[in-house]
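Here is how the chains run, residue by residue.
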Amino acid sequence: MPAAAGRRPETWDQRILFAVCMVILAVAAAAGSAGAVVPYQSYTYDMWGEAIPAPLPYVPARAVDGRSLGIGDFKAPQDLFVDARGLLYILDTGNNRIVVVDREMRLLRVISRFDINGREDGFKGPRGLFVTAEGRLYVADTDNGRIVELTVDGQFLREIGAPGPEHATTFAAGFVYRPVKVGVDHAGRIFVVARDQYDGLMEFNVDGEFRGFVGAPRVTPTLADVLWSRIATDAQRERQALFLPTEFSALDVDDDGFIFVTKQGAANNQAIKKLNPAGRDVLIRKGPSATPGDVWNYEPNVTVTGPSAFADVVARDHGIYSALDRNRGRVFTYDENGRLLYVFGGRGGQWGNFRGPVALDVLPGNAIVVLDEIKNRAIVFEPTRYAALIHAAIALYDAGYYDESERMWLGVLQHNANYELAYIGVGRARYRQDDFYSAMVNFRLANDREGYSEAFRMYRRLLIEQYFGAAMTSLVVGLMLLWGVRSARRRRLGNVSSPRVNASAPFDLATDANASSLWLALRGGLKYALYVMVHPIRGFWDLKHENRGNAASATAILAAVILTVIAVRQYTGFIFNARKIQDLNVIVEALSILVPFALWTVVNWAITTLMDGKGSIKDVYIASAYALTPIVVIYVPLTLVSHVLVQEEGTLYFLIFALGLIWSMTLLFTGTMMVHDYNVSTTLLSVVCILAGMGFMLFIGMLSYEIIGSATGFLTAIYREIAFRL
Amino acid sequence: MPTKRRPRLIFLAVFLLTGLCVLPAARGAVPAGMVLVAENDFLRLFIDEATTEIAVEDKLSNDVWFSNPPGDQKAKGQIAIKYFAPGAVEGTMDSFNDSVAHEQYVIRPLDTGVRVEYTLGREYGEFALLPGLISEERAAALLERTDDEAAKRALQQALDRNFTRVTLTAVEEGAAATLPASLRVFDGYTLTSPAKRLTNNEVQRFLRVIQSRVMGERIDIEELADLTFDHVRPLIDIALYVLNDNLPSFIMRSAMQAFENVGYTMEDRGLDNTLFGLDPPRPRLERFKVAIEYRLDGPDLVVWVPRDSIEHPVDVIDIGGKYGPRRQKISLPIHSIRVLEFFGAADRNETGYMFVPDGSGALVHLNSVKTSMSQYTVPVYGEDLALGAPLERMNVTRRVHLPVFGLHYGEQAFLAVIEESAPSARISVAVSTGSGSFNRIWSEFVVRPQSAVDLTGEWIYSPVTGYWDTLSKVNVFQYRANEADIRLRYRFLHGENADYAGMAEAYRDYLIEKGALKKRLSPDDEPPFFVELVGAVKKLVPVLGIPRLQSVPLTTYQQASAIAERLAEAGVNRGVLRYLGWHNGGVEHDYPADIKLLGGLGTAADFRALNDVLSGLNWGFYPDVSLMYIYRDRLMDGFSPNRHASRTLDRRIARRYEYDVALFARDPDRASYVLSPRRLGHLVDRFLSSYASLGVPGLSLRHIGTALNSDQREELATIVDRTQAQEIVERQLAKLTQTHGLGLMINGGNDYALGYADYALQIPFSSSRADIYDRDVPFYQMVIHGLVDYAGEPINNAYDPVTQMLKTVEFGGNIYYQWAYAPSETVKETKFNDLYSLNYEDWLGSAIPFYLEIKDNLQAIRGLRMTGHETIAQGVSRTEYDGGWAVLVNYNHEPVVVDGIKVEALNYSLVQRHPSREGG
């Protein structure tokens, strides 16, 4: 048994859970629509926001519609709910009735009329319903402006109308109370989403009294907003007040009393919230994209555009939640950390996709039921083996069955080798088993730098423990050997002093007649660059006035800088290299150095000429290139070192990284000062001017790029038209 | 409450009456008004000479089929066309309203049938017979023409009420001219009326009417400036009747009727015009000709629209400027022809279904009204990518592989086979949505593919249509019309055979009769185990910062041998290996004119060794190649996209795309070229000369069984329409199999390719399940089971492998896996990341026992015809075969007992009934 076994909690609850997981797995796969075409594809998002194909997690199994239940077609139904016993309540809005079906999708009853103290009453356009664990049915009777509480058999208990007149000041004049969604927590508090109500959920206490708003989307004004409100006229301010916080579209209450809400309209990072009893959003958003739903960052030429728009949300076990995107008819499921587990569903005129998806809930056996207001039916989706494995893996991990969880994750990987969460799961298990190398491999496949770093730290420690003695011994022995060899050699050669060039006087160039002058210039220049690095003032002064530098070595340094930057991008260790290696493009990288450098040099020369600078453009070029030496000197070893650092040591890494940059910038500044023979304040002024000039040049460049682009487009269009008409 | 009951009673009465009227007609022998035009041993063909509707009587069963539901006023017409006019104007015409109603048709008897020639579109405009100007003298003469007092009176009345009597006379000396500039041609003249004194306004109004009639009926006048006094001179001092302006059309119609009743003809109308120097009335532009032939061919009715009978206006002069500038030369090409939309159309009282060949086949129950869909259309053989790849792909659908459809009600059924022009056909099905609407299924044929070209290239989102669109769109058409005739064959079924199984049998018989399908498997062989191995894929790897595509080996030649040997050891005696991505760069290989083995996969010796190992094991070996789509263009490889790829109608190079799974948009990184069918023969020859040296007996063709694309180049000589493309593909298949003796494996399987294939993989096991469908049926399997070995999707790629295994058994397929030797995560972060569960080790454990079990259990039904299929309980299906064999499949998680036979959970069982009830 692996080490983890000892930590396994052994309560009855968890044993039952374990058994349940196994059963779920055994009966996974939908029997109803065996093997038929499923009209949608599935995917997950990787850390770069790219959709990666995935196996189908859920497949349509059967449909529930009014005709097959024998009660006539549904008419634009708006909500459904699965109660604690697994009964499905469908709110058939257009027919003002509630249809209750059992687990086998057989009709149990229809609730349309109820009796209020001897007076018969009914619903009018009801749009939301909720059933508590105690068997109380709450209906948002929208057009009657009330919440109706019934027993699950349809016996009237009470009605909760609009907030009383004492709250009049809370609401805008002319506000008509139209509750559209309702939810009730364990304490009996009633939460209502009302139409045209932008202040959050309306909260009613157990007695049905209005208590205030919960989860109000807080408007944080941006700097621009603040500035604008200072200078805006009253009329403008009034108009601005119309940009109201958004409305909620649906809510659900989970077993721990948290309220999940979805925002109406296009999704942003606040589209789904998890409110604690105090009304604060406690949702964790650790996924690659903070905005739930589809990643929408470009405008493809398609009919369905824009980000997701959530119509409903359902809280599931283990902090998992699923939300229904009305825009593309998809169900997105996230784990408790906000990482996307799977996606399914689509729009269209085939069995198993939607035209107007409005609500969803989870049936016993982890099946998901989605209501379609246009197709007038509810479709039950059953998990495939793949999704069942994912759920089982999460449940087992939560219960402390780590090894069983790993087995599930390995099963998931058999179905989908792209699934990063499974690699994380396996990685965590391997970490627990002290198999750090394997954990590293899995975390790396998962693109999980945090986990990788953790595993690497342990692995590094193991290595050091294992090899520290041997390494130190061999180091000492090696050094001694080296010393021995050298002293022996010295003894053999006699007391001839070594002809080494003194580093402090690099300009004493060896006059080797056989070497070409370019080689000499290069060697001398590079050595001088190292000297300038540590003696900037004297170095740059002599550079200009003693002609110590040369263009060849400057160009070499520039080339080295470009190579260094590329090497940093490509060869920095996994933990510190968040970029997609496949997308690396050497030309773009080189240009990212060359263009600013060229701009700097040219603008520097142009501006300083006007400001009595003494340096020629060649001087500026040489000095600027020499100033970049620290980048090469520091980043090359840093890139090597990044392979042995872990994330906690990242501070050190980034400190050195920044040091290289600051050093270069300082040199650039000093260089400018010395080359042009400026004092500090003149240099400051000129640097500001140069930066402004560079910005201006960039602007001009971009402008001409735009113009050339438009002109090309125009000419292409003309060419096409001519070619076509002839 | 009697008030409430009455509408119901009325409804009931109407219902009964219509029922009484329709039913006897539908069931009776020969309806009144029809005449017998042809008869053979099986059928009698009748035609109604007044409406050109036909009826066919099956002499054996006495079933009568009508081309149009008898007695119905709306479901008329045998042919309907859609045509285009300049400016993206679209028009439709049908043989009833635009031909029969004007008696513009000719019925010609043929040896075995009858031909009806229609001229669609009346010759003159609707009110062409009503003169706008007529002299009093001529009017008086007309009145004298007839002795019929009533007709005389009617004409006099029309003249009095709808015309105004005026005379154009010179202004008396001294009177001031008060005409506006637009009427200056009448300077010096005015109008007088014998009946009353005209006000100045009335004078101007009638002058305008006269002026516009003169301008409208003279070709030589284009605008006001062209009008001179000479043009109006013939009118001067003549007593005129001028037709009032702004008359409602019913008055115009009755006035015209009055003229017609006294014998006024188009010649008279021409004479009246020439009297005033005007042109005779111009015929309308929209005149089309189409003929349809009905022939009896043994037990079949063959419906034929000969290509050369289709005529449309070419370079006619649009004198009136109806479609743009006046006197422009225009053509009105016919886009498509709809044939026999209402043949056998079933009304609201019938029960039965329509069969759509979508995927494996689907049924639409009659009158099963769906709330969200009442009509659906599927293109035969999928879309033609040379007409432009779709901008997006939102849904997973199946294709139509077989060009057939059918309808069944009561005791009768028909199967229609599209014999010619199938590649340009679309099949539509519609359910009745209420009274007067029929359940029907029909085909429509594109005569000239059309697409809209945008010329500015700028896309603008239209909030009205909800689509991205361009502002300046121009309709473009295939340079010439498709050359093939349109031919449909209707076969009639009765009684026990009148169901979809009977249709499948009829179609299977038809294919065998035609020689298109023959038995290629021997029933004594063990069933094949299809193993598809993926050799290499490409991956983007940066080399010194430069991204380069490198081949990533997934299964080397040696590893392939090892997998085959391992399976053979486990008892797979009859494996069939398909090898994907084994040459020229992997799965998305280069132009395959010259085969280069992949160094990363092994040496040529390794490849030969693989071939030897497989032939030693007696396995089939089918290396795969993509001949229709070219993934990559390299210099000097014999393929130039400019010259050898198909062109779309807007003259771009035709491409095929993969689509983004999340946003549905085209993925420009995964585009391939559509090889022009013109080039296909050349490529096949070059490929073969290179392939022959490898000595492999088989070949797998990736797209040829499913894809069919035309080439829309603008030159007449190079254009290849889709039917011609099909002929080219067939020639290549014949060359590969007959001339070079290769065994072929295809993907999918359009009807024309099936006859050449040893094996068909990835054939559909379901339909697209459009909302209008009520049920999926294994029609495709019924046609080919026992003739060709087939398989569906790879079992390990299905969403549920166990279900897919059961599905395979249910649909009579064979075991099929797609594997690779390398770990599955090798493809992660490549563009082949959709191959996410390929590692063979993961699947071997379940695949081998399943195969061995099937081999033992289902050998008996191999080679038999599939005769029936039904769902007998929730999650339990029964597939029947000849000889009383049946396979029961249980998808439930608990055992079931059906007909006294227990089927275990997620299992199947083969049973044989007493062969008393064979077939059917």
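Residues numbered from 1 in each chain as written. Chains lettered and ligands numbered in written order. Predicted model: local features only at pLDDT ≥ 70, side-chain atom pairs only at ≥ 80, totals over all residues. Heavy atoms only, no water.

Student: Looking at this model, I keep getting lost on the overall build of chain B. Mind explaining?
Tutor: Tallying secondary structure elements over chain B gives 17 helices and 49 strands in all. The C-alpha extent of chain B, read off along each of the three principal axes, is 120 × 75 × 60 Å. When contacts within chain B are restricted to residue pairs at least 6 apart in sequence, those whose partners lie at least 24 apart make up 69%. For chain B, the accessible area works out to roughly 37200 Å², and carbon and sulfur atoms hold 50% of it. (Helix = DSSP H or I, 4+ residues; strand = E, 2+ residues; numbered from the N terminus. Contact = heavy atoms within 4.5 Å. Areas by Shrake-Rupley, 256 points an atom, 1.4 Å probe, with all protein chains shown as cover.)

Student: Whenever I open this one, the overall build of chain A confuses me. Can you help?
Tutor: Each helix and strand in chain A was counted, giving 17 helices and 27 strands. Total accessible area on chain A is roughly 34700 Å²; 60% of this is exposed by carbon and sulfur atoms.

Student: Where do I start with the nonpolar core in this structure?
Tutor: Buried together is how nonpolar side chains tend to be arranged in soluble globular proteins. Counting 193 residues, the largest nonpolar core has Leu301(B), Tyr490(B), Phe779(B) and Trp819(B) as its most contacted members. If sequence neighbours within four positions are ignored, Leu301(B) has contacts with Leu43(B), Leu45(B), Ile54(B), Val56(B), Tyr294(B), Arg295(B), Leu296(B), Phe343(B), Leu488(B), Arg489(B), Tyr490(B) and Phe492(B). Counting residues in hydrophobic clusters, the runner-up holds 98 residues, among them Val370(A), Met408(A), Val426(A) and Val675(A). (Core = buried A, V, L, I, M, F, W, Y, C linked by side-chain atoms within 4.5 Å. Buried < 20%, exposed > 50% of the residue type's maximum accessible area, 1.4 Å probe, protein only.)

Student: How should I be thinking about helix H9 (residues 557-569) of chain B in this particular structure?
Tutor: Think of an α-helix as turning once every 3.6 residues; residues three or four places apart then point the same way. All names here are of chain B. Here H9 is 13 residues long and its end C-alpha atoms lie 18 Å apart, about the 18 Å a rise of 1.5 Å per residue gives. Here H9 has its buried residues at Tyr 557, Ala 560, Ser 561, Ile 563, Ala 564, Leu 567 and Ala 568. Summarising the axial view, the buried residues of H9 lie within an arc of 160°, below the 170-degree limit, and thus occupy one face. Along H9, the residues that are exposed and aim more than 90 degrees away from the buried face are Gln 558 and Glu 569. Looking at the buried side of H9, the elements it contacts are strand E30 (529-534), strand E33 (575-580), helix H10 (604-617), strand E43 (815-819) and helix H17 (840-857). One or two residues past the end of H9 sits Gly 571, with phi positive at roughly 110°. (Expected span 1.5 Å × (residues − 1). Arc of directions from axis to C-beta.)

Student: Is there a simple way to think about the pattern of salt bridges in this case?
Tutor: When charged atoms on two side chains of opposite charge get close, those side chains can pair. Under the criterion given, the structure shown has 85 salt bridges over all chains. Between Arg113(A) and Glu120(A) there is a salt bridge, with its nearest N and O atoms 3.6 Å apart. By sharing partners, the salt bridges in this structure join Asp297(B), Asp300(B), Glu419(B), Glu420(B), Arg487(B), Arg489(B), Arg491(B) and Glu513(B) into a single network. (Salt bridge = Lys/Arg side-chain N within 4 Å of Asp/Glu carboxyl O.)

Student: How should a positive patch on the surface be read in this particular structure?
Tutor: Together, Arg486(A), Arg489(A), Arg490(A) and Arg492(A) make up a region of like positive charge exposed at the surface. Mapped onto the elements of the fold, Arg489(A) is located in helix H9 (residues 449-493). (Patch = residues over 30% accessible without salt bridge, like charges linked within 9 Å, V, L, I, M, F, W, Y side chains within 5 Å. Lys, Arg positive; Asp, Glu negative; His and termini not counted. Charge placed at Lys NZ, Arg CZ, Asp CG, Glu CD.)

Student: Please explain the sheet that holds strand E12 (residues 146-151) of chain A as it appears in this structure.
Tutor: Each strand in a sheet pairs with its neighbour through backbone hydrogen bonds, running either in the same direction (parallel) or in the opposite one (antiparallel). All names here are of chain A. Pairing is antiparallel across the open sheet formed by 4 strands, whose spatial order is E10-E11-E12-E13. Sheet topology places strand E10 (128-131) and strand E13 (156-160) at the edges, where each strand pairs with a single neighbour. The sheet shows a mean angle of 15° between the axes of neighbouring strands, taken without regard to direction. Here strand E11 (residues 136-141) runs beside E12; their pairing, made up of 6 bridges, is antiparallel. The partner of Leu 137 across the bridge, within E12, is Leu 150. (Pairing = 2+ DSSP bridges. Axes fitted to C-alpha atoms, helices over the stretch in contact; angles between N-to-C directions.)

Student: For this particular structure, what's the right way to read the pairing of strand E13 (residues 288-297) of chain B?
Tutor: Side chains on a regular strand alternate between the two faces of the sheet. All names here are of chain B. Buried residues dominate E13, accounting for 7 of its 10 residues. With 8 bridges connecting them, strand E8 (residues 113-120) and E13 associate as antiparallel partners. The residue of E13 that forms the bridge with Tyr 118 is Val 290. Pairing of E13 with strand E14 (residues 300-305) involves 5 bridges; the strand directions are antiparallel. Following the sheet pairing, Tyr 294 is matched in E14 by Val 303. Connecting E13 to the next strand, E14, in antiparallel fashion are 2 residues, including Gly 298 with a positive phi near 60°.

Student: Help me understand the environment of Pro379(B), please; the structure alone is not making it clear to me.
Tutor: All names here are of chain B. Within the element layout of this structure, Pro 379 appears in strand E20 (residues 375-379). Residue Pro 379 is classed as buried on the basis of its relative accessible area, which comes to 18%. Separated by 44 residues in sequence, Pro 379 and Pro 423 have C-alpha atoms that sit 8.4 Å apart. If sequence neighbours within four positions are ignored, Pro 379 has contacts with Val 400, Ala 425 and Arg 426.

Student: How should the interface of chain A and chain B be read in this particular structure?
Tutor: Accessible area lost when the parts come together is the quantity often used to give the size of an interface. Facing 78 residues of chain A, the contacting portion of chain B comprises 62 residues. Between chain A and chain B the total buried area reaches about 6200 Å² when both faces are included, carbon and sulfur atoms providing 55% of it. Joining chain A to chain B, the criterion identifies 3 salt bridges. A salt bridge links Asp771(B) to Arg377(A); the nearest nitrogen and oxygen atoms lie 3.0 Å apart. The interface formed by chain A and chain B holds 20 residue pairs in polar contact (both at pLDDT 80 or more) in total. Breaking the side of chain A that touches chain B down by element, the ones donating at least two residues are helix H1 (12-27), strand E1 (42-45), strand E2 (51-54), helix H6 (402-415), helix H7 (420-432), helix H12 (551-571) and helix H17 (680-725) of chain A. Here the element with the most residues in the side of chain A that touches chain B is H17(A); it accounts for 6 residues. Of the residues that constitute the side of chain A that touches chain B, the class distribution is 42 nonpolar, 21 polar and 15 charged. (Buried area = accessible area lost by both parts, 1.4 Å probe. Polar contact = N/O pair within 3.5 Å; in protein donor to acceptor, adjacent residues only side chain to side chain. Nonpolar A, V, L, I, M, F, W, Y, C, P; charged D, E, K, R; others polar.)

Student: Help me understand unusual backbone geometry, please; the structure alone is not making it clear to me.
Tutor: What is expected of a backbone is that most residues other than glycine have negative phi and most peptide bonds are trans. Even without glycine at this site, Asp196(A) takes up a positive phi of about 55°. With a relative accessible area of 47%, Asp196(A) lands in the partly exposed category. Here the phi dihedral of Phe664(B) falls at roughly 75°; this positive angle occurs in a residue that is not glycine. Within the secondary structure, Phe664(B) is located in the loop between strand E36 (655-659) and strand E37 (666-674). Exposure remark for Phe664(B): the relative accessible area of 5% places this residue in the buried category.

Student: I'm lost on the pairing of strand E45 (residues 876-881) of chain B in this one. Help?
Tutor: All names here are of chain B. Most of E45 is tucked away, with 6 of its 6 residues classed as buried. A two-sided burial pattern is seen for E45, the buried positions comprising Val 876, Arg 878 and Glu 880 on one face and Ser 877, Thr 879 and Tyr 881 on the other. Bridge count for strand E44 (residues 866-873) against E45 is 6 bridges, and the pairing is antiparallel. When the bridges of E45 are listed, His 869 appears paired with Thr 879. Hairpin connection from E44 to E45: 2 residues lie between these consecutive antiparallel strands, with Gly 875 at a positive phi of about 75°. Pairing of E45 with strand E46 (residues 885-890) involves 5 bridges; the strand directions are antiparallel. Each bridged residue has a counterpart across the sheet, and for Arg 878 the counterpart in E46 is Leu 888.

Student: Would you mind showing me how to read the domain arrangement of chain A here?
Tutor: Residue and element names in this part refer to chain A. Taken domain by domain, chain A consists of domain 1 (1-34 + 384-476), domain 2 (59-381) and domain 3 (513-710). In this complex, domain 1 contributes 12 residues to the contact, which on the side of domain 3 involves 11 residues. For the pair domain 1 and domain 3, the summed buried surface comes to about 980 Å²; carbon and sulfur atoms form 56% of the total. It is Arg 449, Ser 453 and Arg 460 in domain 1 that bury the most area against domain 3; as a group they hold 54% of the surface buried on that side. For the pair domain 1 and domain 3, the number of links is 2 salt bridges. Residue Arg 457 is joined to Glu 648 by a salt bridge in which the shortest nitrogen-to-oxygen separation is 3.1 Å. Put simply, the parts of the chain that give the side of domain 1 that touches domain 3 at least two residues each are helix H8 (436-445) and H9. Tallied by class, residues from the side of domain 1 that touches domain 3 come to 3 nonpolar, 2 polar and 7 charged. (Domains from an automatic or database assignment.)

Student: Looking at this structure, I do not really get the sheet that holds E8(B). What am I missing?
Tutor: Residue and element names in this part refer to chain B. Across the sheet, 10 strands lie side by side as E7-E8-E13-E14-E29-E22-E21-E18-E19-E41; this open sheet has antiparallel pairing. Edge strands, defined here as strands with exactly one partner in the open sheet, are strand E7 (105-109) and strand E41 (775-776). By the bridge criterion, 4 bridges tie strand E18 (residues 352-356) to strand E21 (residues 404-409) in an arrangement that is antiparallel. For Met 354, the partnering residue across the bridge sits in E21 and is Leu 407.

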